[in-house]
Amino acid sequence: RYGIAKFAKAVLEVPDNLERAVASIRLEELETDEELRHMKESVAKMQEVVGLTLEKFGVREMSVEGEVFDPQKHEAMFAAEAPGRAPNTVFHVMAPGYEIHDRTLRAARVGVVKGPAAQRAPSSRDAS
């Protein structure tokens, strides 16, 4: 069941690179370049095929935005204030995480909401 975990983790470079390829295309270029539109459609089809193939073997992308930070599933890349959001929750996903069956294969790289500044404990210097 988990025997392919190392291989599956290595294969995750494929969807990562396909996503980077799509993200690198500027909207104005798509409007004017027919060949680029065709290439983007081809990459989207490939993303779908790769995703379905990974799912056949129990590998799926995790949906983590809004979750409470869990070091088993998330790798915090930064923390920032985010008004209106609960402290210690994921508010930005830099790179998706993946599970194989019920285990984390690769943690999602995320931004986490910073909690309110802790109240400073009075020191002995404050007493004087």
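The preceding data block contains the structure.
Procedures and definitions
Residues numbered from 1 in each chain as written. Predicted model: local features only at pLDDT ≥ 70, side-chain atom pairs only at ≥ 80, totals over all residues. Heavy atoms only, no water. Phe/Tyr/Trp six-rings, centres within 6.5 Å; stacked < 30°, edge-to-face > 60°. Lys NZ or Arg CZ within 6 Å of the ring centre and 35° of its normal. Helix = DSSP H or I, 4+ residues; strand = E, 2+ residues; numbered from the N terminus. Polar contact = N/O pair within 3.5 Å; in protein donor to acceptor, adjacent residues only side chain to side chain. Contact = heavy atoms within 4.5 Å. Patch = residues over 30% accessible without salt bridge, like charges linked within 9 Å, V, L, I, M, F, W, Y side chains within 5 Å. Areas by Shrake-Rupley, 256 points an atom, 1.4 Å probe, with all protein chains shown as cover. Salt bridge = Lys/Arg side-chain N within 4 Å of Asp/Glu carboxyl O. Pairing = 2+ DSSP bridges. Axes fitted to C-alpha atoms, helices over the stretch in contact; angles between N-to-C directions.

1. Observations concerning the packing of aromatic side chains
Right, so step 1: Evaluation of the coordinates by the stated rule reveals one aromatic pair.
Right, so step 2: Residue placement shows Arg103 over the ring face of Tyr2; its charged tip is 3.7 Å from the ring centre.

2. A few points about the side chain of Arg106
Right, so step 1: With respect to the helices and strands, Arg106 occurs in strand E5 (residues 103-106).
Right, so step 2: There is a polar contact of 2.6 Å between the side chain of Arg106 and the side chain of Asp16.
Right, so step 3: Discounting chain neighbours no more than four positions away, the residues touching Arg106 are Leu12, Asp16, Met62, Pro96, Gly97 and Tyr98.

3. A look at a nonpolar patch on the surface
Right, so step 1: A grouping of Ile4, Phe7 and Phe57 is seen on the molecular surface, where their side chains present a nonpolar patch of about 320 Å² in accessible area.
Right, so step 2: Structurally, the position occupied by Ile4 is in the segment before helix H1 (5-11).

4. A look at the sheet that holds strand E6 (residues 108-113)
Right, so step 1: Taking strand neighbours across the sheet as the criterion, the three strands line up as E2-E6-E3 in an open arrangement whose pairing is mixed. Bordering the open sheet on either side are strand E2 (74-80) and strand E3 (90-95), each of which pairs with just one other strand. Pairs of neighbouring strands in the sheet enclose a mean axial angle of 30 degrees, with direction left out of account.

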